[in-house]
Amino acid sequence: MLHKSRANAASERPDRGSRAERVARQTVSTDKGPERAILVAVERKGGEKAFDEDLAELQELLATAGGEAVAIVTQKRQNPSPSTYLGSGKVVEVKETAAAHQAELIVVDDELTPVQARNLVQQIELPVLDRTQLILDIFAQRAQTREGKLQVELAQLSYLLPRLSSLYTKFERQQGGIGMRGPGETKLEADRRHVRQRISDLNKQINEISQHRRVQRASREREGFPTGALVGYTSAGKSTLLNALTDAQAYADPKLFATLDPTTRRTQLPGGRPILITDTVGFIRRLPHGLVAAFRATLEETIGADVLLHVVDASSPEMEEQMEAVVDVLTDLHIQDKPIVTVLNKIDKVQDTYKLREMVAKHPDTVYISALTGDGLKQLLITIERVLAHAERRKRQDAIDAREQELEQRRALRTL
């Protein structure tokens, strides 16, 4: 969405030269560098710290999508305006700021309602993207596999469906044809039907891929291999850790959401037992629910894992907030109670490791490592082995307890 072709002035002059020459002139004009954007946000009372962190993250999201923040306009309010998100005076300020900085885009650090989005576009006279659309744009750029592309399209259409009416200002447009004379079916209704049908088709295709993945997972389970899933905030170093543990040579990039599709590789625990490690999509604060739903097939690898490896960027000043964001997503997936090993990564970038050592001392299932240099990887594998053994003992004991409870119920029934 951020990468749009724009014809230069030459392409707007009367037709001259061949069609190929005209296309060449237009192609040259698309190489304009980052798209200039104005960031807009409402600061709620009492949320100053989170507000600053969210704005910094929004700038990083924009850069990842191929844009550049040239100015920021904020407003302190109890709640965003239902009609225009900002107050009327601030909307005028955004428009003037955009003109002064020759901005091409407005990016809002919230999910806008259809009414808010439509009114802002009409008053500012520039494209307006909200936080969800920006994240969807990044996912669309990152998607490489068929599954990834299907999931991104599903998330985009699920976001679009309730907003279709905002794209129409005249509802009298009709489809003609036999049987469609008179009021007929409005264009809006037809588009809604087409979008719903496409969403249904995408869900079927994704379910087929999910079924195939379940068959693969069942095959691995028959082999008796335990499984671990790398989860964590985006850019925490999950792919780098997978490469360090398994020599997977998976794509690793410091930009946000470098990994969309799960990659599973095998390694060995210190006792010689094999384990399968899966890299998954990274999380983020305020991750759109539509993305979580669309990527459920991918996240099933996380849901079915025996142990979760929560990879944390220990060098980030927002480390604790990022950890909380990951736990929130795990809670949404109902897997927050799975065995978890907390992996404090990037210690090569940490000057003072006292806080990290304190966390390890308080929480025995926590280790600090550098996936880049390899420091701490042996201790990580030892911890994974210990946590797995404990989980398996607990699972066996639960099975014994359930069996004894069942026998007790049967004995009680016989005495009645």
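Residues numbered from 1 in each chain as written. Predicted model: local features only at pLDDT ≥ 70, side-chain atom pairs only at ≥ 80, totals over all residues. Heavy atoms only, no water.

A. Geometry of the environment of Gln151. Of note, Gln151 is situated in helix α7 (residues 146-160). By relative accessible area, Gln151 is classed as buried at 0%. Put simply, Gln151 and Gln205 are 54 residues apart on the chain and 9.6 Å apart in space, counted from C-alpha to C-alpha. (Helix = DSSP H or I, 4+ residues; strand = E, 2+ residues; numbered from the N terminus. Buried < 20%, exposed > 50% of the residue type's maximum accessible area, 1.4 Å probe, protein only.)

B. Representation of the environment of Gln78 in the model. Summarising the element assignment, Gln78 is placed in the loop between β2 (67-76) and α4 (88-100). Excluding its chain neighbours within four sequence positions, the residues that come into contact with Gln78 are Arg44 and Lys45. (Contact = heavy atoms within 4.5 Å.)

C. Main features of the sheet that holds strand β3 (residues 105-108). With parallel pairing, four strands are arranged side by side in an open sheet as β2-β1-β3-β4. The open sheet has two edge strands with one neighbour each: β2 and β4 (128-130). Averaged over all pairs of adjacent strands, the angle between strand axes in this sheet comes to 25°, irrespective of strand direction. Across three bridges, the pairing between β3 and β4 is parallel. Across the sheet, Ile106 pairs through a bridge with Val128, a residue of β4. (Pairing = 2+ DSSP bridges. Axes fitted to C-alpha atoms, helices over the stretch in contact; angles between N-to-C directions.)

D. Structural view of the packing of aromatic side chains. A full pass over the atoms with the stated rule returns zero aromatic pairs. Above the ring of Tyr159, the side-chain terminus of Arg163 is found at 3.8 Å from the ring centroid. (Phe/Tyr/Trp six-rings, centres within 6.5 Å; stacked < 30°, edge-to-face > 60°. Lys NZ or Arg CZ within 6 Å of the ring centre and 35° of its normal.)

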